[in-house]
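Fold and contact review
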Amino acid sequence: MSILEVEHISKSFNKTEALKDISFSLERGQVLSIIGSSGSGKTTLLRCLNFLETPDRGIIRVNGETLFDADNPAAKLESVIRKKRLHFGLVFQSFNLFPQYTALQNVMLAKELLAREQPDYKTRKKEIYEEIRSLSESLLSQMGLEKRKENYPHQLSGGQCQRVAIARALALNPDILCFDEPTSALDPELTGEVLCVIKELADNNTTMVIVTHEMAFAKDVADHVIFMDEGSIIEQGKPAQVFGNPSEERTRQFLGT
């Protein structure tokens, strides 16, 4: 069974069709790379997966559970969407860290907020806090940032901020980790740092959806590649096929082959 199933997702903003009948699936432990020119709908698709945008039509399933069905009015309630959003971890291209919090506090925050909703939170507050702190410190160590945990975002490089953002996304143990152009705001050296972290996650069978302009990286890391143009999936398949022998003329133009 696929961990992620997307069926006939469409999304419009006013009269502009941002997504047109998007369907694909993803197996557990696989990496999906989504490529395409700016304005092709890649980021909108990712935001729909994370319910930051509400699709106009279509169905989204994770682990066989229907998280969203546009024909079901209850699927659009914020209270319902908030819980279902936890299946996905999202890493933004501009980090989106809270500047008033340290690296460690940024990683801990979401898990702390969720912990407060537990019925035993008041009686186990200190214990829960220490558990969250320990997990967050472990994630920052995994990102190579154990010595920078008390630094604020303005004291970190762009690559370090992005690694904090990755640790934050992992903190809630999502089914699927999503990246929206994770290196577009970084210089080449820092880009390499972040791509190495993502490659390690892939090697550890982390299920990921990655929107990227890094074609070589997508070819190397992805199990499946989707090429989008003007809100539609033009071509999809294994990296060797999409990059090495694309069947569509528009794909060949984009890749310069």
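Residues numbered from 1 in each chain as written. Predicted model: local features only at pLDDT ≥ 70, side-chain atom pairs only at ≥ 80, totals over all residues. Heavy atoms only, no water.

Right, let's get into the sheet that holds strand β7 (residues 176–180). To summarise the sheet geometry, strands pair through backbone hydrogen bonds and adopt either a parallel or an antiparallel arrangement. Reading across from one edge, β6-β7-β8-β3-β9-β10 is the order of the 6 strands in this open sheet, with mixed pairing throughout. Each edge of the open sheet is held by one strand with a lone partner, namely β6 (88–91) and β10 (232–237). When strand polarity is set aside, the average angle formed by the axes of neighbouring strands in this sheet is 20°. Relative to strand β8 (residues 208–211), β7 runs parallel, the two being bridged by 4 bridges. Across the sheet, Asp180 pairs through a bridge with Val211, a residue of β8. Of the strands in this sheet, β6 and β7 touch helix α5 (residues 158–170), which is tilted by about 170° from β6. (Pairing = 2+ DSSP bridges. Helix = DSSP H or I, 4+ residues; strand = E, 2+ residues; numbered from the N terminus. Axes fitted to C-alpha atoms, helices over the stretch in contact; angles between N-to-C directions. Contact = heavy atoms within 4.5 Å.)

Here the focus is the environment of Lys125. Among the secondary structure elements, Lys125 is positioned in helix α4 (residues 125–142). The class for Lys125 is partly exposed, based on a relative accessible area of 48%. (Buried < 20%, exposed > 50% of the residue type's maximum accessible area, 1.4 Å probe, protein only.)

Moving on, we get to the packing of helix α3 (residues 103–115) against α4. Here α3 crosses α4 at 140°, and the two axes come no closer than 9 Å. Judged by the angle between their axes, α3 and α4 are oblique. Relative to α4, the crossing made by α3 is right-handed. For the pair formed by α3 and α4, the contact residues are Ala103, Leu104, Val107, Met108, Lys111, Glu112 and Ala115 on the first element and Ile128, Tyr129, Ile132, Arg133, Leu135, Ser136, Glu137, Leu139 and Leu140 on the second. Tallied by class, residues from the contact of α3 with α4 come to 11 nonpolar, 1 polar and 4 charged. (Parallel < 35°, antiparallel > 145°, perpendicular 65-115°, else oblique. Left-handed = near helix turned anticlockwise from the far one by under 90°. Nonpolar A, V, L, I, M, F, W, Y, C, P; charged D, E, K, R; others polar.)

Turning our eyes to something else, we now look at the sheet that holds strand β4 (residues 57–62). Strand order across the open sheet formed by 4 strands is β2-β1-β4-β5, with antiparallel pairing between neighbours. Two strands close off the open sheet at either side, each with one partner strand: β2 (16–26) and β5 (65–69). The average angle at which neighbouring strand axes cross in this sheet is 20°, direction not considered. Looking at chain direction, strand β1 (residues 4–13) and β4 are connected through 5 bridges and run antiparallel. Paired with Ser10 across the two strands is Arg57, which belongs to β4. Contacts from helix α1 (residues 42–49) reach β1, β2 and β4 within the one sheet, and its direction differs from that of β2 by about 60°.

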